[in-house]
Every structure is written in C-alpha cells, then in structure tokens.
Amino acid sequence: MQQYSSLPDQNSLIDATPKLLTTIEQLRAQLWLESSLNQLQSRLNDCLLSACNTVPQAEAAQAEIFQTVVNEINSAVHSSNLALTECAVGIAMCQPQETVATVCYVSRSPSPNSPPLFLEVLTAEKKLLLRLQEVIEFEDLQQLENQQLPSAWRLADDSGIMGWLIIATAPLSSHHESLIESQAQLRSQLMARSAKYCTTALVQLRHILSWPQRCQQLSNSNQELERTNQLKNQFLANTSHEIRTPLSSIIGFTDLLLAPGYEPTKERQQEYLNIIKSSGKHLLDLINDILDLSKIEANQLEVQWERVDVPILCNNVLALVKEKAANKGLKLCLELEPDITTLVADPLRLKQMLLNLLFNALKFTNNGSVGLQVAPKGGFMHFTVWDTGTGISQEDQVQLFQPYFQIAKAVADGIEGTGLGLAVTQKLAQIHGGLVKVESEIDRGSRFTLVLPLKQELGVGEDEGTGEDEEAGEAKFSLFPVPLTPSSSVEILLVENDLPNANLMQIYLRKLGYQVTWVKNADKMWEALTQLDPAVILMDVFLADGNGLNLVQQLREHQQYRTIPVIVQTAMAMKGDRETCLAAGVNDYISKPIDLPLLASLVAKYSQAPTLVDGEQRSRGAEEQGSRGAEGKLQ
C-alpha cells in the first residue's frame, strides 16, 4: 500500500523560498511607498491648515508647499535603500508664455562631504546641473519626462503647467547596476504620485486664498443688496407721496364738483378744472421723470444725435418758461456769445435739461431775475442757468443730484417737486459726455452750468436734417388746429378696452364731425368690419381678448383690410416699442394719456381721400404715407 507524507517536499520548500522573499520585499517596498506618501500628504495638510488659519501671502504659502514636497521626498528616499548614491530633489518653476523653467527649490544631500547643489540630471546628449536659479529648457524637461526611467514630472492643472518636479542621481557603481531598474521604478512611483499630491495641494491652496476675496465680495454684495433694498423702500415711499399729492387734488376737486346740492359758479368750476388739469400734468411729469430715470439706469435711453442750432433752441426754451416767469413778476434774460452756432446733441434731451434747470430756478426765485447764459469754452459749450433766488447750502449741494432728494426748506414751504429733475439732468449730461456743476450761496442765488462737448466722437452721426422725435412731434401737433374739417361720412373704428378712454375719444372725434364706432375687443372688431368700411382704425394695444399689435398683423394679412391706416394708442414708452409697432404694420401711434389735438391731427391725416384711382397704386401710396408718418412720429 502506497503512503503519502503530509509534509512538503524539501526540494519544493527550497524552490519556494526566493518567491516568498520576493513577495515580502514587494510588500515592504509598497508599505514604504504608502507610508512616505501618507507622510507627505499629512505635511501638505498641515500647510493648508496653516494657510486657513493665518491667511498668508500667496507666494509664501505656495513656497511652503513646494519646499515641503522637496524635503519630504528627499527624506523618504534617503530613509530607504533607494539612495544607493547621492541624489537630490528639486522643483523648476515656469511662467506663462515662457519656454524655460528656473530651478527655485532644491533639497540638500544628507552627505556632508558631497556637494549638495551640483548633482547631474542626465539627458540623451547633455548633463544639466540641478542647482538654484539654474535655467532649463522645456525641451530638456520633456526629454527627462519621456525617457524610460523618468527624471522629471510636470506639475500642471487646468490653468496650465506650473512647474516640474525633478530628481537627480549620480551614476551607480558597477556592483549596484542590478538594482537600478527595481529601485528606479519604485522611486518613479513615489515621484509621480508626489507630483499629483503637490498639484492637488496647490489647487486647494488657491481656493483657500480666494476665500477672503470671496467673503469680501459676498459682504459687498450683501451691503449692495441692503442699500438697494433701502433705495427701493425710499423709492416706493417717495413715489407714493408724490403720486398721492396730485391724486388727492384730482379726486378731491372732482368729488366737490359731483357733490349733490353743490352748484359752484362758472368761474369756480373753471378754477377747479384748472387745478385738476394742473395736478394731472404734474402726475404725468412725475411718471415721465421716473421712466426717463429707469431708461437711463437700464441703458435703454435712445439718443438722437443732430446738429443743433443753439440760438434757436435757447430762444424756444425761454419761450416755454416766459409765461411762468411773468406770472411771478421775474425778469427773464438770455445772453448768447456772438460766435455761438451749433453743437451735436439730442435736441429733445438738451431742451429737457435746460427746461429742468430753468423751471428749478423759477421755482426757487421770488424776486429779481432768472437767466440763461451760453458761451463756448474750448471744445465745450457752457449753458449756465442763474437766478437771484434763495440759494442752496453746501450740505444740500452734496446731495442735490441724488434721486428724490428735495431741500427741506422747499418741502416745508410747500414747493412742488419730484426730486428727479436734477438727477435726470445730470445723467443726460453724462450720456452726452458732459456734466452739470453748481455754485450757490444762501440768499445770493444759484448758478447751474451744463457743460456739453461740441462734437460727439464715438459713433455719433452729425445729421444736417431737423428730424423730430415723438415728443417733439406731439408738441408741434398740439400747437396747431386740426388741418381740415372732416365730412360726417368719414367712418372711424375705435377698438379700445378702457371705457373712459373710449368715451373721451368718441366724444371728441364726434364733436369734430366723424362717425365713430366703438368696440372693446377683437371679436367685436372683426364683426364690425363686416358691416363697416372705416377710413381709419384706432387700435388699443392691450385688449381683454388679444394683443392689438397681433390684430394689426392679422389685418395686414387680409387683402380687403391691408390698406386701412391703423393708429395705435398705447402706454408703451420703453426702448424697442417703436420698432415693435412698425414691425406689426402700424401706420402711427399716440401715447397715453391721449393728446386730443394730436389725435385729431393724426386722424385727419390718415382719413384724407386718396388722390390715386388705381387700386394697387392707392395701396402702395397709403402704405408709403403710413410708413413715413410712423417714421416721423416714432423716433
């Protein structure tokens, strides 16, 4: 019977011993590698923690990380049997757009008898010295990185290469050559992973160093949000007050006129109606100022650059304030230098700025005179509005151009104002490349100087024409009577959602002799068009069952309605509204509140009988006339 021994064969034990020893050596090497890397990671964490606690300078914190990596690698290598010869570790730093790196960090050899900073870096064709301030070409570093046993590892993140981690060793003696490959492979692993640890630490350091800046940005944002919230509250409070004041007069005097049993005289009725009208205009001025300020803040204010005849514009401006000055018994003066001719500006906005300054001067002047002095100085035109009024203190002058700021004494004296006029004037001046200056003393009057450049350089066209914008056009129409008396056969279709506005336009247009049919929505409009052949359609933009501009587009798609002129009435007043209306096929528009003389002029213009007989020619002529009308009115 054959017997088997449970003990291993002696020869097999002998054969297995080298394998077992090899495995132990591999485990020991792996343990050393992980232990060294853990030590490096721990030291790097200490550096980052120190940066968190002390918030050092970026260069000092980065230098600490680089030096820590160099020292820890050097210590790990020399604490094992990897350092069979003299070796040193270094870091070469590079700058963006450069093709060389400079050695900035080098470890010292532990051997006191060997020169520590002159160890050789081997390349295919030359030897480089690893020493401080040594300059190494990128080409050489790439060769060191790509050789079979690398001697350089790049330190790079998403922003690019920051530097190179380098190890330099002296040649091994002949009896150690068998260890070259195994030891170099292990050392290469240490260097490669150390380079990754270093890069990660640098990225984390960058984040840590950005914390104070981020905290400051958040703090600034919070302060800005708080300030914005305060301004919003102030805006709502001031606007509420300013709106309620004229509304109180409008509602109060209207209630008085409607009160049962109260029968005021005709003169008293006229006085009340004038107060209601004045309060309504004051309310409209407030809304316009708010819109102007909002457009400027949102960078939506369109400026129409033209060559402005300064003497003519100044005379027109003074004509607008002449009555107010006469009512207060004030002398109105205009002083123009003889060589004043033109400047490039937006004529409407220039007029608005001068009117704001003149109305302010008249408001705060009870005796004496108010004047406008214009003089060229260098490449600028100086418009100075002066008065002999109450003057402004130095404290108030500091806040004078802040939105809604009003002088306390003026408020106490009951002087009306929105506190927006000077703020809008200053911002309009800045848009023109100029500024507004103020000089004033209490009880000695004030001088506000509007300084504007004579020319505009950046994309400004110096048109010789006298184009008019919408508001200027409205003012012109309001000054002249209706150009023709309409026939009672002229049909007007009024599509208006708001009953009071519809009644107002119906009454006014019927008084002028038009036949007006009113409908309040889109469905009623289409129904009315089956029975009417209107000369003009007045279209409200906002309807209960549709958008007025969409209805205009639908009208233009129907052959029988394509040539009917359409005038829209709208409260839209922001940038792009003009283009939106034109794109929809509108001939013209009138803004709310409705200017009745302007409405009459537009209706008369577009309801005139055509002079052409041919249908196609009539259609093109009407469309061209409507297009030109819209261009003139919607600038």
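Higher on the page you've got the structure.
Described below are features of the structure shown in this document. (Residues numbered from 1 in each chain as written. Predicted model: local features only at pLDDT ≥ 70, side-chain atom pairs only at ≥ 80, totals over all residues. Heavy atoms only, no water.)

**Notes on the nonpolar core**
Here is a general trend for soluble globular proteins: nonpolar side chains tend to be buried in one another's company.
Here comes step 1: Residues L343, L350, F383 and L450 are the most contacted members of the largest nonpolar core, which totals 43 residues.
Here comes step 2: A total of eight residues in this core trace back to one element, the largest contributor, which is helix α7 (residues 347-363).
Here comes step 3: Those residues in contact with L350, other than ones at most four positions away along the chain, are V308, L313, L343, F383, L450 and L452. (Core = buried A, V, L, I, M, F, W, Y, C linked by side-chain atoms within 4.5 Å. Buried < 20%, exposed > 50% of the residue type's maximum accessible area, 1.4 Å probe, protein only. Helix = DSSP H or I, 4+ residues; strand = E, 2+ residues; numbered from the N terminus. Contact = heavy atoms within 4.5 Å.)

**Points about the packing of aromatic side chains**
Here comes step 1: Counted according to the given criterion, the structure contains four aromatic pairs.
Here comes step 2: When the ring of F253 is compared with that of Y272, the centres are 5.1 Å apart and the planes differ by 40 degrees; the resulting orientation is tilted. Remark: Y272 occurs in helix α5 (residues 266-297) and F253 occurs in helix α4 (residues 180-258); sequence separation between them is 19 residues.
Here comes step 3: On the basis of relative accessibility, which here comes to 23%, the residue F253 falls in the partly exposed class.
Here comes step 4: Looking at Y272, the relative accessible area reads 9%, which means it is buried.
Here comes step 5: For the pair W526 and Y561, a centre-to-centre distance of 6.1 Å together with 50 degrees between the ring planes defines the contact as tilted. Residue W526 is located in helix α13 (residues 522-529), and its partner Y561 is located in the loop between α14 (548-556) and β20 (566-570); the two are separated by 35 residues in the primary sequence. (Phe/Tyr/Trp six-rings, centres within 6.5 Å; stacked < 30°, edge-to-face > 60°.)

**Re the sheet that holds strand β9 (residues 331-336)**
Pairing between the strands of a sheet comes from backbone hydrogen bonds, and it takes one of two forms, parallel or antiparallel.
Here comes step 1: An order of β9-β11-β12-β14-β13 is seen for the five strands of this open sheet, with the pairing classed as mixed. The open sheet has two free edges, formed respectively by β9 and β13 (435-440), since each of these has just one partner strand. Neighbour to neighbour, the strand axes of the sheet diverge by 15 degrees on average, direction disregarded.
Here comes step 2: For strand β12 (residues 380-387) and strand β14 (residues 446-453), the ladder comprises eight bridges, and the chain directions are antiparallel. (Pairing = 2+ DSSP bridges. Axes fitted to C-alpha atoms, helices over the stretch in contact; angles between N-to-C directions.)

**A short note on the sheet that holds strand β6 (residues 152-157)**
Here comes step 1: Overall, antiparallel pairing links the five strands, which are arranged β5-β2-β1-β7-β6 in an open sheet. The sheet is open, and its two edges are formed by β5 (135-137) and β6, each paired on a single side. Each adjacent strand pair in this sheet contributes to an overall mean axis angle of 30 degrees, direction not counted.
Here comes step 2: When strand β1 (residues 87-94) meets strand β7 (residues 160-169), the two strands line up antiparallel, connected through seven bridges. When the bridges of β7 are listed, G90 appears paired with I166.
Here comes step 3: On top of the sheet, helix α2 (residues 58-78) reaches β1, β2 (100-106), β6 and β7; it is set at about 155 degrees to β1, its chief contact.
Here comes step 4: Sitting on the sheet, helix α3 (residues 138-146) is in contact with β1, β2, β5, β6 and β7, with an inclination near 70 degrees to β5.

**Here we look at the pattern of salt bridges**
Here comes step 1: Counting across every chain of the model gives nine salt bridges.
Here comes step 2: The closest approach of N and O atoms between R193 and E34, which form a salt bridge, is 2.8 Å. One end of the pair, R193, is in helix α4; the other, E34, is in helix α1 (residues 10-54), and 159 residues separate them in sequence.
Here comes step 3: Using a relative accessible area of 26% as the deciding quantity, one classes E34 as partly exposed.
Here comes step 4: One salt bridge in this structure joins E496 and K592, with 3.5 Å as the shortest N-O distance. With E496 in the loop between β15 (491-495) and α12 (499-511) and K592 in the loop between β21 (588-591) and α16 (596-606), this pair connects stretches of sequence that are 96 residues apart.
Here comes step 5: You can call E496 buried: its relative accessible area is 0%.
Here comes step 6: A residue is classified by how much of its surface remains accessible, and K592, at 25% relative accessible area, is partly exposed.
Here comes step 7: Connected via shared salt-bridge partners are E496, D540 and K592. (Salt bridge = Lys/Arg side-chain N within 4 Å of Asp/Glu carboxyl O.)

By themselves, these figures tell us nothing about what the structure is for.
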